[in-house]
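Next come the chains, spelled out residue by residue.
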Amino acid sequence: MELDPSITAVFKKTPLEFYLNGTRIQLFDPNPQWTLLDFIRSQHGLKGTKLGCGEGGCGACTVVIQTLDTSRERSGRVKHLAVNACLFPLIGVVGKHIITVEGIGNSENPHPLQERMAKLHGSQCGFCTPGIVMSLYAMIRNSYVPATKEFRLRESDVELEGHLDGNLCRCTGYKPILQAAKTFITENLKGKIVGSGETAEVSHDSECSEISYTSEGAVKSNFSCGRPGGCCKDPPKTAGKSSPSGKSSSPKRSEDSSETRSIERSSTSESAISSPDESDSASISGTTYGKPIKSNEKQSSDGTPVEGTKIGSQLDASVPKIEHGVPQYDFACYSPNTELLFPPALRKFDQNPLFYGNSTHVWLRPVTLKQLLLIKDAYPSAKVVGGASEVQVEVRFKNSSFPISIYVSDIEELREIDIVSNDVDLDTIYEVVLGANTSLTDVEAFCRDLSRRLGQRGSVLEAIRKQLRYFAGRQIRNVASLAGNIATASPISDINPVLVACGAFLTAQSKSRVKFNLEMPTFFTGYRTTTLPDDAVITHIHIPLPPPKAIEITKAYKQSKRKDDDIAIVTAAFRVRLDDDGLVSEISLVYGGMAPKTVAATSTMKALLGKQWHSSTTLDSGTAALAQEFDLNFGVPGGMPTYRKTLAISLFFRFWHEVIADLKLGKVDPDLITEVHRGISSGSRDNHNPHEQKIVGKQIPHISALKQNTGEAQYVDDMPPQDRELYGVMVLSSRAHAKLVEVDWSPALGLGLAMGYVDKNSIPKEANLWGSVVKDEPFFADGKVFSHGQPIGLVYAETALRAQAAARAVRIVYEDLPVILTIDEAIEAGSFFKHGKMLKKGAAIEERMEDVWEKCERVFEGTTRIGGQEHFYLETNAALVIPNLEDKTFEVWSSTQNTMETQEFVSQVTGVPSHRVDARVKRMGGAFGGKESRSVQLACLLAVAAKKEGRPMRCMLNRDEDMMTTGQRHPIQSRWKVGCTSNGKLIALEADVYDNAGFSQDMSGAVMDRCCTHLDNCYEIPNVLIRGHVCKTNTHSNTAFRGFGGPQAMFITESYMTAVAEGLHIPIDELRLRNLYKEGQLTPFLQKIDQDWHIPLLVSQIHQEANYDARLASIQKFNASHKWRKRGISMIPTKFGLSFATALHLNQAGASVKIYADGSILLHHGGTEMGQGLYTKMVQVAAQELNVPIDAIFTPDSTTYQIANASPTAASSGSDLNGMAIKDACDQLNERLAPFREKFGKDADMKTLAHAAYLERVNLSANGFWKMPRIGYTWGNYNIETQKPMYYYFTQGVAISEVELDVLTGSHTVLRTDIKMDIGRSINPAIDYGQIEGAFVQGLGLYTMEESLWTQDGKLATTGPGTYKIPGFSDIPQEFNVSFLQGVEWGHLRSIQSSKGVGEPPLFLGASVLFALRMAVMSARKDNGVNEPLVLDSPATPERLRLAVGDEILKMGTVVQREGEKGFFVTVA
Ligand SMILES: Cc1cc2nc3c(=O)[nH]c(=O)nc-3n(C[C@H](O)[C@H](O)[C@H](O)COP(=O)(O)OP(=O)(O)OC[C@H]3O[C@@H](n4cnc5c(N)ncnc54)[C@H](O)[C@@H]3O)c2cc1C
Ligand code: FES
Ligand code: FES
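Below: a short report on this structure. Residue numbers restart at each chain and count upward from 1, following the sequence in its written direction. Ligands are numbered from 1 and chains lettered from A, in the order in which they are written. Only residues with pLDDT of at least 70 are given local features in this predicted model, and only at 80 or more are side-chain atom pairs given and counted; all residues enter the totals for whole chains, interfaces and linings. Side-chain metrics in this entry use all non-hydrogen atoms of the structure; hydrogen atoms and water are not considered.

### Brief notes about the packing of helix α36 (residues 1325-1344) against helix α37 (residues 1407-1423)
Put simply, α36 and α37 touch, their axes get as near as 7 Å, and they point 45° apart. Comparing their axes, α37 and α36 come out oblique. Together, Phe1336, Leu1340, Tyr1343 and Thr1344 of α36 and Ala1407, Ser1408, Val1409, Leu1410 and Leu1413 of α37 make up the contact between the two elements. As a working rule, the residues Ala, Val, Leu, Ile, Met, Phe, Trp, Tyr, Cys and Pro are called nonpolar, Asp, Glu, Lys and Arg charged, and the rest polar, with Gly in that last group. In terms of residue class, the contact of α36 with α37 is built from seven nonpolar, two polar and no charged. To obtain an axis, a line is fitted to C-alpha atoms, over the contacting stretch when the element is a helix, and the angle between two such axes runs from 0 to 180 degrees between their N-to-C directions. What counts as a helix is a DSSP run of H or I of at least four residues, what counts as a strand is a run of E of at least two, and both are numbered from the N terminus. We call two directions roughly parallel when the angle between them is under 35 degrees, roughly antiparallel when it is over 145, roughly perpendicular when it lies between 65 and 115, and oblique otherwise. Any pair of residues with heavy atoms lying within 4.5 Å of one another is described as a contacting pair.

Below you can see the structure in the form of structure tokens.
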């Protein structure tokens, strides 16, 4: 694009100059549509920075920007800003130092943070890990002040200041990450322990020490830290062996890169660079195994070292010793002196105006306001870009395109804050002036400092600080600006209500108009429209302070689905000024979320003016006026009308009380004026494993943990580009049910767009159908679409950006058809898939249920609904299909749990036999069932295109595409009837259970099967009739998700149990105990509860350890004396059946073990690694069986060329099935090696054995196989004698959760959770604790937070982290204790190493939080005189909880549904 000469006279087209991991970069002509993430990921060796969402909501893309703090107070200090690379404009890097996860360490020489995260199990699938590492890295680096040599980090800094609120992890349950971060609090810097307000001095030559950390906080020290930059204790070494980042893969000139850039290396690390000492560098993946074996490393069967085995590798060393139940870890110490320095050259960097771009897009970077106004004058429509947190979302998700963009965040004049220094008389300040593009983090810090000093007079600044603390995530606050928020004019802006309420005004400027003011109260003219002229920019925001003696209070409030990093449902700011008589002289009540723009409640304000504040009539007239003023209708955009209206009144109610308290006008209930508070988390793992063996049973970190923490771990989309590779993007239906009248591909094809496309015509009609159980889903829509997000075709292009643009360009004409979304609608329309399975027990078998009902003393009936759950694995579905033209083979890399099905269907769509399709996966960034079948679709679509073009095809779905196309956990509804005696003994259950399958069957029938078989949870019911129904609707096709119908079923059970308990006035715990299964009793599917029934023991152990009775009593006491704050506690058991229930054929596995002549061992099995630690456990099993150290064994990936017909890794059976198959292979090999062990000794090293066996021509490769015995349930067989068990065994557990609820808003916190599980003899307790904690937190999300919403016409509205909330760091239990069942021997465990599957079973225990909340709500209802039975469906969101309370405010806020009115959103359970 040709720029105006007046611009090019000032702005020069120059390369972008910056530093990346210590290396100077000059970037010529980069793609102007690239974000920082696009650039980083285009570089070889820099794939650690991940794309998880592209909208700033997950933190997977976090990098650190090192830059000079130019604010007056801290001028010259280097600051470290965690930012979202997915939003950050590439031009913003100029003059800065970008640090990625690769820049701080590698697996041979990790940063102490990376090492601690790995050793403390802070990484499971690892996809979130680099982002979390970088957020923590920024926090740690900002904790050190070089000038004072002070390193200050407190627990509250780690947990309460929001450093991690922009990062999500779906696997770990966050606890181990916090634990790893907190090791820096007890860091040993020059012998002093820093923490709890203490600080330690660190001099530049301070001693580094290796420290040992215990979870009890003790620290010991000894030698060199081995930092990548070198340690002051290291002996002098030659510099320059590795790159400045300590990583050989730092950016290099790339031959095939489309970008031209020059690189100049410069060391930015303070110490000399050294390569690690070879003798200490045993690789975690065992790659050094082939090296000569050290003769002094020995180990015998009892664990003492033996000749030749390679004990003492990095991996072995990281197995912690347990002392008094506490793991003891050795960590390299942290020394701030060895960190990457801010490049000295950047201190003298010339800040010049520059531009770059191409014919369609140009970026300009002015460095003065004058330069900015010049551009705006020439191009009034040019887009001003600050933090880009709004702009980039518009570009990526709303298809906005800005030909000219101006990056303004480096203009000093727009970043000034009028800072008040200590010697200024505070009374003289009447206004605070904030530079329009000052970062929110800086504004937050400024407001905190000044408001503290101003006291009550600074309440407006405190209100801003409070809003900013819970505004987006830290990464966004570090770059986003007030001007960006104001100019966006979002109706749910958090800041605008405060600015309007306090009477702020803006200074704006344009070249023609010079400076002018815009009053905030009149600034917003409508939905996202303002009075700001096009050619003007906001330069400053003026915030008036009240006169010194004024009696004025300003407060702000925000209510959202999740406390951290969530957009508001309702946000508000209130300001009141009283005269000396306590009468209202000024008042502003301003709301977000109540109208299409930020609005003042003007009628209410008028009604309150002149009123005595401290008078209940003022409060009453205020609430009544608000109820009238906000006359929301039932279908109001955004939904939740009653909740929003109730909140609007509730927040004012809180404000009224807060003003009284602050001004000491009277006494108020403290619960009314404090929001639910989260303290610093704590917790324990019992770390007691009496079954520990030499390798099995040890707490070995995940074998990829270090690679995941350093960004070296490779996921599908991290694989290097293939020769002539193309990128495919699916063309998705934008309608939920419609005829495809016309699909016109032509606009998508051509220069700069797609090279081609494939659709239903690209494969034979019969090959177009797929499905796990029934082939009923088309790969490509054929004539009709049945769901929003259904693939119609796939376009492919040279780059992802082009393919995405091409996909948007396809022209599709639809003819809409009626839509069925909910289970109720499906039942009404009779829209079902064939299923018809039933469970019958007792009288139901003889069709005598009617007789039983008559005998029941009490009968309860009800309907329970539980919503679905989005998997939200951090890595979306991805695949890379590489065709081989010579052999007509396809190598299919797919993020799949199911290599066999991937192979089968790629074979189907390409027309080649399975032996020509190698389906492979190395690891997944989480899966949770979402990649068991749904991953097949993307791989097949790409395979069709790869075959057509004869070129490799790649795609990683965008988060919204993934959420639209891949389905969720099934929403389920049950209509149940329960009969019992009057003292609560259950007699009969009859239930119809419906799951919402979506538009195709996928595994919905099997999910329903498991659901029906878990409808008893742990309770014996003599007579049972359960009917399963699979509803066909027009939502996406729902699929497997951790628990596979079990968690939904057990929620239904606990709901009917609660109804019975409340109906009979029996304590729920008592009712549960009365009905718990006893050994020998039969489940509804006629399986005998066998002698390993441990629920009663688990209940009694946890009951005692968690001090349940005393806590229950104290909660009851608390609730009796608190009206607005309630507590609840709940103890819930679970039993979960292990095996692929009725798909008998899936209960088999294969393994291949190959011993090479050097003693190294290659292991393949059918299982896939998705973060659950399967590879680690399987290596442990093989190492134990073959009597070798774990790094003797290597599993590169899971591939159908090694293991044929592998079952999906699912149903918590990965270890059971594959472990047994491995054992079988090892048994064969051990048998063949037996003569050599006899000859060389039973503990002879594998190198000696293998070499000797090879010379004797012994086969050192073995295939193992195992099929699960005993099971084989037949549906419809009600004969107890002939029926076989459905499940191999049951994993069991109990949880107790205690919560606190803010009655006024529905917000809550989990005060404490205790979990006790029977998981047999754990193969790796560390991994199992992680599975339990992670599953519980996922369950907590399912039952209290995660809610998918559809529009009335069937579009999924929750398509990213912005709208769909999973638990974050602040949502985990404040105290979180996990333990294993103690003191039992298992009589019937025939599983591998007598362990039990653990992946799915603990998830249901998250329901203990919902039932604890229910108790809290029940107490509030009692206070409010509400006696009707409470139906609390899942998820129990703040909205549902608030609406259940039944107080007077709710009555005022209730919006009545008028005839014909529909809600804005639909939930589909
Ligand atoms: C994950 C996520 C979470 C979020 N959470 C919240 C939240 O909790 N609360 C909330 O209120 N918002 C939230 N937002 C919205 C957004 O972050 C804010 O609106 C932010 O303040 C925008 O600032 P920015 O500098 O990034 O704006 P940009 O994206 O750079 O710009 C936004 C708009 O402002 C204009 N603009 C920027 N600077 C100027 C200027 N000086 N003069 C005139 N116009 C200007 C731009 O032209 C553009 O139209 C969130 C966004 C994301 C992506
Ligand atoms: S990918 Fe950037 S925040 Fe999710
Ligand atoms: S380890 Fe965090 S998402 Fe998997």
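Now that the structure is up, let's keep going.
### Examining the pattern of salt bridges
Should their charged atoms come close, side chains of opposite charge can pair. Whenever a carboxyl oxygen of Asp or Glu lies within 4 Å of a side-chain nitrogen of Lys or Arg, that contact is scored as a salt bridge. Applying the stated criterion across every chain yields a total of 82 salt bridges. For Lys837, the salt bridge identified is with Asp1009, shortest N-O distance 2.9 Å. Within this pair, whereas Lys837 is found in the loop between β40 (832-833) and β41 (838-841), its partner Asp1009 is found in helix α28 (residues 1004-1013), the two being separated by 172 residues in sequence. On the basis of relative accessibility, which here comes to 25%, the residue Lys837 falls in the partly exposed class. Here Arg1414 makes a salt bridge to Glu1062, at a shortest N to O gap of 2.3 Å. Placement of the pair is Arg1414 in helix α37 and Glu1062 in helix α29 (residues 1046-1064), with a sequence separation of 352 residues. Burial here depends on accessible area, computed with a 1.4 Å probe over protein chains only, as a share of the maximum for the residue type. Under 20% is buried, over 50% is exposed, and the range in between is partly exposed. A relative accessible area of 28% places Glu1062 in the partly exposed class.

### Let's talk about the pairing of strand β45 (residues 917-921)
Side-chain positions along a regular strand alternate between the two faces of the sheet. Among the five residues in β45, four count as buried, and that is most of the element. Paired strands, as defined in this entry, are two strands with at least two bridges between them according to DSSP. Of the strand pairs in this sheet, strand β44 (residues 889-894) and β45 are connected by four bridges, and their pairing is parallel. Across the sheet, residue Trp893 finds its bridge partner in β45, namely Arg920.

### Topic: the site of ligand 1
In the region of ligand 1, 31 residues are neighbours, and Val384, Gly386, Ser389, Ser481 and Asp494 sit closest. The protein chains hide 92% of the 980 Å² of surface that ligand 1 would expose on its own. Mapped onto the shell around ligand 1, the elements with two or more residues apiece are β19 (383-385), α11 (391-397), α15 (482-488) and β26 (537-544). Distances are taken per atom, and a residue is near a molecule or strand as soon as one of its heavy atoms is within 4 Å of it. In these tables, accessible area is a Shrake-Rupley quantity obtained with a 1.4 Å probe, and a residue counts as shielded only by the protein chains included in the view.

### Section: the nonpolar core
In these notes, a set of buried Ala, Val, Leu, Ile, Met, Phe, Trp, Tyr and Cys residues joined through side-chain atoms within 4.5 Å is what counts as a nonpolar core. Among the nonpolar cores identified, the biggest contains 313 residues, and Tyr591, Trp613, Phe652, Val795 and Leu989 are the most heavily contacted of them. In terms of residue count, helix α19 (residues 641-662) provides more of this core than any other element does, 11 residues in total. The next biggest cluster of nonpolar side chains, apart from the first, holds 87 residues, and it includes Tyr19, Val391, Ile495 and Ile543.

### Some words on the environment of Leu373
The residue Leu373 is located in helix α10 (residues 369-378) in this model. We classify Leu373 as buried; its relative accessible area is 8%. Spatially, the C-alpha atoms of Leu373 and Val514 are 9.4 Å apart, while their sequence positions differ by 141 residues. When residues no more than four places from it in sequence are discounted, the contact partners of Leu373 are Gln509, Ser510, Lys511 and Val537.

### Re the packing of aromatic side chains
Geometrically, a pair of aromatic rings is defined through the distance of the ring centres and the angle of the planes. Any two of the Phe, Tyr and Trp rings considered here, Trp counted by its six-membered ring, make a pair once their centres fall within 6.5 Å; the pair's planes then place it as stacked at under 30 degrees, edge-to-face at over 60, or tilted in between. Within the structure shown, the criterion is met by 34 aromatic pairs. Between Phe523 and Phe524, the aromatic rings sit 5.2 Å apart at their centres with planes inclined by 80°, giving edge-to-face as the arrangement. Relative accessible area serves as the criterion here: at 0%, Phe523 is assigned to the buried category. Judged by relative accessible area, which is 6%, Phe524 ranks as buried. Aromatic pair Phe1464 and Phe1465: ring centres 4.8 Å apart, planes at 80°, arrangement edge-to-face. Consider the ring centre and the ring normal. A charge sits over the ring if Lys NZ or Arg CZ is within 6 Å of that centre and within 35 degrees of that normal. Of note, Arg116 hangs over the ring of Phe184, and the distance from its end group to the ring centre comes to 4.2 Å.

### As for the sheet that holds strand β57 (residues 1308-1318)
Spatial ordering of the open sheet is given by β31-β59-β57-β56-β50, a layout of five strands whose pairing is mixed. Only two strands of the sheet have a single neighbouring strand rather than two, namely β31 (682-685) and β50 (1125-1138). Strand after strand, the sheet turns through a mean of 10° between neighbouring axes, direction not considered. Examined bridge by bridge, β31 and strand β59 (residues 1375-1380) share four bridges and lie parallel to one another. Of the residues in β59, the one forming a bridge with Ser682 is Glu1375. Packing of helix α31 (residues 1095-1105) onto the sheet brings it into contact with β50, β56 (1289-1302), β57 and β59, and relative to β56 it is tilted by some 35°.

### Description of the sheet that holds strand β22 (residues 505-510)
On the basis of which strands lie adjacent, the open sheet formed by four strands has the order β21-β26-β22-β23 and antiparallel pairing. The open sheet has two free edges, formed respectively by β21 (431-435) and β23 (514-519), since each of these has just one partner strand. Averaged over all neighbouring strand pairs, the angle between strand axes comes to 25°, with direction disregarded.

### Comments concerning the side chain of Asn1377
Looking at where Asn1377 falls in the secondary structure, it is placed in strand β59. For Asn1377, a relative accessible area of 11% gives the class buried. At 3.1 Å, the side chain of Asn1377 forms a polar contact with the side chain of Asp1314. What Asn1377 contacts, discounting residues up to four positions off in sequence, is Gly683, Ser684, Arg1312, Thr1313, Asp1314 and Ile1315. N or O atoms closer than or at 3.5 Å make up a polar contact, with two conditions inside protein: a donor-capable atom paired with an acceptor-capable one, and, for residues adjacent in sequence, both atoms drawn from side chains.

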